[in-house]
Amino acid sequence: MRYLYILTIILAANIYANSYNKIELSETKKELSYEIFKKLEKEHYLRKIDKDNLNSQYFEAIFDRLDKNKNYFIANEVQKYLIKSKKNEVNNFDIELAYDLINLYFER
């Protein structure tokens, strides 16, 4: 009987884990995020921030916020995202990489 309960819990966890639908990044979402960023940059507090490394600062903050206890991401994944975030010098913020990270987090 005990094995039946354990099997039920394992199957339920597997079904729940497989039910996550990945968030797709559309052109509309990209344009909207760019508009929001520009609006904040122009009319809010972002102009006081050093934007030279804003993307990497964002990803460091996300890891601190989402995985403070280091339960979800392994060190190699963290380093991969931090390196990719530093490579994006064209834009202040890499929305595609951010969506990739958020999807990975929710999949876990």
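The rules we used
Residue numbers run consecutively from 1 along every chain, following the written order of its sequence. Note on the predicted model: pLDDT of at least 70 is required for a residue's local features to be given, and 80 or more for side-chain atom pairs to be given and counted; whole-chain, interface and lining totals, by contrast, use all residues. Hydrogens and water molecules were not included; the side-chain quantities draw on all heavy atoms of the structure. Each axis is a line fitted through C-alpha atoms, and for a helix only the stretch in contact is used; angles between axes span 0 to 180 degrees, taken between their N-to-C directions. A helix here means a DSSP run of H or I that spans at least four residues, while a strand means a run of E at least two residues long, and both kinds are numbered starting from the N terminus. Angles are sorted into four bins: roughly parallel if under 35 degrees, roughly antiparallel if over 145, roughly perpendicular if 65 to 115, and oblique for all others. Helix crossings get a hand from a simple test, with the near helix turned counterclockwise from the far one by less than a right angle marking a left-handed crossing and a clockwise turn marking a right-handed one. Only heavy atoms matter for contacts: two residues are in contact if any of them lie within 4.5 Å across the pair. For this classification, Asp, Glu, Lys and Arg are treated as charged, while Ala, Val, Leu, Ile, Met, Phe, Trp, Tyr, Cys and Pro are nonpolar and the rest, including Gly, are polar. Only Phe, Tyr and Trp rings are paired, with Trp represented by its six-membered ring, and only when their centres lie within 6.5 Å; those with planes under 30 degrees apart are stacked, over 60 edge-to-face, the remainder tilted. Throughout this description, buried means an accessible area under 20% of the type-specific maximum (1.4 Å probe, protein chains only), exposed means over 50%, and partly exposed covers the range between. Polar contacts here mean pairs of N or O atoms no more than 3.5 Å apart (in protein, one a potential hydrogen donor and the other a potential acceptor; neighbouring residues in sequence count only if both atoms are side-chain atoms). Salt bridges are defined by distance alone: a side-chain nitrogen of Lys or Arg within 4 Å of a carboxyl oxygen of Asp or Glu.

**Here we look at the packing of helix α4 (residues 75–87) against helix α5 (residues 95–107)**
Contact pair α4 / α5: the axes reach a minimum separation of 11 Å and the direction vectors enclose 165 degrees. With respect to α5, the element α4 is oriented roughly antiparallel. As α4 runs across α5, the sense of the crossing is left-handed. Listed contacts from α5 to E77, Y81, K84 and S85 of α4 are L97, D100, L101 and L104. Among the residues forming the contact of α4 with α5, the class breakdown is 4 nonpolar, 1 polar and 3 charged.

**Topic: the packing of aromatic side chains**
Across all of its chains, the model carries 7 aromatic pairs by this definition. Summarising the aromatic geometry, the rings of Y105 and F106 are spaced 5.2 Å apart at their centres and angled 70 degrees between planes, so their arrangement reads as edge-to-face. By relative accessible area, which is 19% here, Y105 ends up buried. On the basis of relative accessible area, F106 is assigned to the partly exposed category, the value being 47%. The structure contains a cluster of three or more aromatic residues connected by ring pairs, namely Y58, F59, F63, Y72, F73, Y81, Y105 and F106.

**Concerning the side chain of N103**
Tracing the backbone shows N103 in helix α5. On the basis of relative accessibility, which here comes to 3%, the residue N103 falls in the buried class. Among the polar contacts listed, one links the side chain of N103 to the backbone nitrogen of I23, at a separation of 2.9 Å. Ignoring sequence-local partners within four residues, the contact set of N103 consists of Y20, K22 and I23.

**Side note on the packing of helix α3 (residues 54–66) against α4**
At a closest axis distance of 7 Å, the pairing of α3 and α4 adopts a crossing angle of 155 degrees. When the axis of α3 is compared with that of α4, the two are roughly antiparallel. The way α3 lies across α4 gives a crossing that is right-handed. Contact with α3, carried on its side by N55, S56, F59, E60 and F63, involves V78, Y81, L82, S85 and K86 of α4 and no other residues of that element. Partitioned by chemical class, the residues of the contact of α3 with α4 number 5 nonpolar, 3 polar and 2 charged.

**A closer look at the pattern of salt bridges**
By the definition in use, this model includes 2 salt bridges. Between K30 and E27 there is a salt bridge; the shortest N-O distance is 3.4 Å. Residue K30 and its partner E27 are both found in helix α2 (residues 27–43); the two are separated by 3 residues, about one turn of the helix. Between E96 and K30 there is a salt bridge, with its nearest N and O atoms 2.5 Å apart. Of this pair, E96 sits in helix α5 while K30 sits in helix α2; the two residues are 66 residues apart in sequence, bridging distant segments of the chain.

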